[in-house]
Amino acid sequence: MFALGDLNLTYLVSITAVSLYVSTAAVALSAALGLPISLAVGFRDFYGKSVVTSVISTGMGFPSVVVGLVVLLALSRSGPLGTFELLFTPEAMILSQTILALPVLVSVSLSAVQSVPQDLRDAAFAAGGTSTDVALLVVREARYGIVTALLAAYGRAISEVGSVLIVGGNIVFSDSTSFTRTLTTAITVEARKGNIETGIALGAILLALVLGVNALGARFRDRTPGRNGRGR
Amino acid sequence: MTTERPGADEPDSGEPDETTAPDPASNGARRSKTRLAARGLGHGFGDGTVLEDISLAVEPGEILAVVGPSGTGKTTLFRLLAMFERPDEGTVEVGGDDVWGLPEARRLAVRRRVGMAFQTRSLFSTTVEENVSYGLRVRRSWSARVRDAVEGLFGREEPSETVEDALRTVGMFDKVGRDAGSLSAGEAQRVAIARALAPDPDVLLLDEPTSNLDPRNTAAIESAMRAARDRGIAVALATHDMQQARRVSDRTAVILGGTCIESGPTDEVFESPDDDRVRQFVEGKLVY
C-alpha cells in the first residue's frame, strides 16, 4: 500500500477531500454573497462609498487567527450561534474561510466591475437594454477580473491554517480518515513531529491543487473572445 | 434666437407622425416609422447650463445634421434624445408621445424604437455577430434567452438574416465571426452602427460617428446613413465636420453655445445662412 512516512492513501485522500470541500464551499458562499455586493457598490454612487470600499479592502488583511477566535466564540455553546452545534465541524471551517475569502473576492471583483468603461454600459442601454441587461453585460465584460477574484479567494481559503485549526479542531478518526484536518493543518502536525519530508510532500500536493485551480481559471480566461487587444 | 426656414425643424409642423418604409427584417414588408422631436430642451450639470431652449425634429426618411463646434452640447442633446436622462426643461417626443410622461414599461418600448451609436469605441468583448445581435437578444423574453444560451452551448448557429442585413449595410458581413477586439477603430464604428440598425429602429442617432476615421470607413458609414434614410429611418447626425453635413444631410441645425441658432434645408443653411455667426462658422472663420 502507498505510504510516505506516517501517511497512507486513505489519510492522504481524506485530508485532500476535506481541503477541497471546505475551500470550494467557502468560495461558492463568498461568490453568492460577494458578487451582488460588488455590483451594488460598483453600480451606485452613494454617500460613504469610499468608506465602504476602504472597509472591504481592509478586510483583505484580516488576521485569520482573530477570525477563527471570533467564529469560535460565536459557535461555542454560549455563543449566539451555539444552538447550531457547528463547532469542530467542516461547516464551522467553511464559515471562517468564507469570512476570510469574502473581502478578497469583493475587493477584486469590485475593481473589475468598476473598470468596465461607462461607454459599454451606455451602449447596452442605447441598444434597448434594461438595468438588469446592463448589469449582466457588466458582469460579462468583467468576467476576466471576476475569475481572478474567484482564484484569489480560493487561494486565500485553501492556504488557510490559523482559523481552521481553531474552529475545526484538526480532527482525524482512528481509521485515518479526516473529519476536520486539511492539507495545511496536516502540514503543521507533521512539522511539529519533525517529519519535514512528509510536510514537504503534503505541501507539494497543496501547491499542485492550487496550480490546477489556477490553470482551470486561466483556461477559461484564454477562451474569452474579444480579448485580442483594442484595435489593430 | 433661432432662425427657421420653410421646412426647418419644427415640432409643431403638423406633419403626420408616421410614414411607411421597408422593414429590413421582414424582406420588404412595410412597417410604420415615426419622428423624433425635441421641444424647448434645456439641460445643465451642476451650476452650468449646457443646452438652452432647443427645439428640433427629425422626420422619417431624412438625415438631420446637428452641427456645431466641439463642446457646444451636441452629445448632451443626443443623450437626452436617446433618453439617457430626463431633461431639466422641455420634452422629448417620439411619435407624438412625451417620453418622460409615459409609464416606465411604455418608455422602454419607445426607447427601443431609437438606436444610437457613439463617438467612442463601444463594442462588447465578444464577437462581431454577438455585438450586432445584442439589441435583438435583449428584446426577447427571458425564457427565450435562456433557451438560446443553452442551444448555444451545443453549437454555433448561422447569423440571423437581420444581423446579416445590418452588417451588409455597413459592409462588415465578412467580419461576422471575428472578435470585436481585433477590429480597427473604423471597423468597430461600422459594427456599432450595425448594432444600432439591427433592431430596425425608427430613429438612428449618430454622435460624431466618423471623427478621426479614415476616408474609406467614413465613406462606408455615410453610405450606411443613406441606406437607413432610404428605409424610412429618421437619422440624426451630430458632427463638427461641415463638409460631411453638406454631403449627407437633408436638413441642418446649427448649435452654438448650447442653443440652436439656425436650422433648415442643408443647401440653404450652407449657401445663404441668415445668422451671421452661422455664415462665419460654415466658412470656418468662427472659432470656439
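Residues numbered from 1 in each chain as written. Chains lettered and ligands numbered in written order. Predicted model: local features only at pLDDT ≥ 70, side-chain atom pairs only at ≥ 80, totals over all residues.

- For chain B, an unreviewed UniProt entry supplies the name Phosphate ABC transporter ATP-binding protein and the organism Haloferax marisrubri.

- Looking at an unreviewed UniProt entry, one finds chain A named Molybdenum ABC transporter permease, with Haloferax marisrubri as its source organism.
- Entered under Sequence similarities (unreviewed entry) in the UniProt record, the comment concerning chain A runs "Belongs to the binding-protein-dependent transport system permease family." (UniProt positions renumbered as here; feature names shortened; annotations may be inferred.)

1. Some points on the overall build of chain B
Logical step 1: Across its full length, chain B holds ten helices and 13 strands.
Logical step 2: Looking at chain B residue by residue over its 288 residues, the buried ones come to 48%. (Helix = DSSP H or I, 4+ residues; strand = E, 2+ residues; numbered from the N terminus. Buried ≥ 20, exposed ≤ 12 C-beta atoms within 10 Å, placed from the backbone.)

2. A look at the interface of chain A and chain B
Logical step 1: Of the residues lining the interface, 22 residues belong to chain A; the matching set on chain B comes to 27 residues.
Logical step 2: Among the elements of the structure, α5 (118-126) and α6 (131-141) of chain A are those that each provide at least two residues to the side of chain A that touches chain B.
Logical step 3: Among the elements that line the side of chain A that touches chain B, the one with the most residues is α5(A), at six residues.
Logical step 4: Residues of the side of chain A that touches chain B, tallied by class, amount to seven nonpolar, eight polar and seven charged. (Contact = placed C-beta atoms within 7 Å. Nonpolar A, V, L, I, M, F, W, Y, C, P; charged D, E, K, R; others polar.)

3. Quick word on the UniProt feature "transmembrane region" (unreviewed entry) in chain A
Residues and elements named next belong to chain A.
Logical step 1: Mapped onto this structure's residue numbering, the UniProt feature "transmembrane region" (unreviewed entry) falls at residues 20-43, 55-74, 94-113 and 200-220.
Logical step 2: Annotation note: span residues 20-43, helix share 100%, strand share 0%, distance between end C-alpha atoms 33 Å.
Logical step 3: When the span residues 200-220 is considered, its composition is 100% helix and 0% strand, and the gap between its end C-alpha atoms is 30 Å.

4. Comments concerning the sheet that holds strand β8 (residues 97-98) of chain B
All names here are of chain B.
Logical step 1: The four strands lie next to each other as β5-β4-β7-β8, forming an open sheet whose pairing is antiparallel. Each edge of the sheet is formed by a strand with only one pairing partner; in this case those strands are β5 (48-58) and β8.
Logical step 2: Two strands pair when backbone bridges link them, and strand β7 (residues 89-94) and β8 are joined in this way by two bridges, in the antiparallel orientation. Its bridge partner being in β8, Glu-93 is matched across the sheet by Asp-98.
Logical step 3: Each of β4 (36-45), β5 and β7 is contacted by helix α1 (residues 74-81), which is oriented at about 120° to β4, the strand it contacts most. (Pairing = 2+ DSSP bridges. Axes fitted to C-alpha atoms, helices over the stretch in contact; angles between N-to-C directions.)

5. A word on the environment of Val92(B)
Residues and elements named next belong to chain B.
Logical step 1: Along the polypeptide, Val-92 turns up in strand β7.
Logical step 2: Exposure remark for Val-92: the 21 C-beta atoms within 10 Å place this residue in the buried category.
Logical step 3: Along the sequence, Val-92 and Leu-81 sit eleven residues apart, while their C-alpha atoms lie 6.3 Å from each other.
Logical step 4: When neighbours within four sequence positions are excluded, Val-92 is seen to be in contact with Ala-38, Leu-80, Leu-81, Met-83, Pro-87, Val-99 and Trp-100.

6. Observations concerning the UniProt feature "domain: ABC transmembrane type-1" (unreviewed entry) in chain A
Logical step 1: UniProt feature "domain: ABC transmembrane type-1" (unreviewed entry): in the numbering of this structure it lies at residues 16-217 of chain A.
Logical step 2: Helix makes up 75% of residues 16-217 of chain A and strand 0%, whereas the separation of the span's terminal C-alpha atoms amounts to 20 Å.

7. Description of the packing of helix α7 (residues 143-158) of chain A against helix α10 (residues 196-222) of chain A
All names here are of chain A.
Logical step 1: Two elements in contact, α7 and α10, have axes whose closest approach is 10 Å; the angle formed by their N-to-C orientations is 175°. Relative to α10, α7 is oriented roughly antiparallel. Facing α7, whose interface residues are Tyr-144, Val-147, Leu-150, Leu-151, Tyr-154, Gly-155 and Ile-158, α10 presents Leu-209, Val-210, Val-213, Asn-214, Gly-217, Phe-220 and Arg-221.
Logical step 2: Its residues placed into classes, the contact of α7 with α10 shows ten nonpolar, three polar and one charged. (Parallel < 35°, antiparallel > 145°, perpendicular 65-115°, else oblique.)

8. Digging into helix α4 (residues 90-114) of chain A
Residue and element names in this part refer to chain A.
Logical step 1: Between its terminal C-alpha atoms α4 stretches 35 Å, which fits the 36 Å expected from 25 residues at 1.5 Å a residue.
Logical step 2: The principal kink in α4, of about 30°, is found at Ala-101, preceding the proline Pro-103 by one to four residues.
Logical step 3: Taking burial as the measure, the 25 residues of α4 include 22 buried ones, the bulk of the element. (Expected span 1.5 Å × (residues − 1). Bend = angle between axes of the 7 residues up to and from the residue.)

9. What about the pairing of strand β10 (residues 203-207) of chain B?
Residues and elements named next belong to chain B.
Logical step 1: Among the five residues that make up β10, five are buried, leaving the element largely enclosed by the rest of the structure.
Logical step 2: Bridge count for strand β9 (residues 114-117) against β10 is four bridges, and the pairing is parallel. Its bridge partner being in β10, Gly-115 is matched across the sheet by Leu-204.
Logical step 3: Since β10 and strand β11 (residues 234-239) lie parallel, the crossover through helix α7 (residues 215-230) that links them has a hand, and here it is right-handed. (Right-handed = clockwise from strand over helix to strand, strands pointing away.)

10. Here's the deal with unusual backbone geometry
Logical step 1: With a phi close to 60°, Phe88(A) is a non-glycine residue in the positive phi region.
Logical step 2: Residue placement: Phe88(A) occurs in the loop between α3 (64-75) and α4.
Logical step 3: By the C-beta count within 10 Å, which is 18 here, Phe88(A) ends up partly exposed.
Logical step 4: Positioned with a positive phi, Asp53(B) is a non-glycine residue whose angle comes to about 50°.

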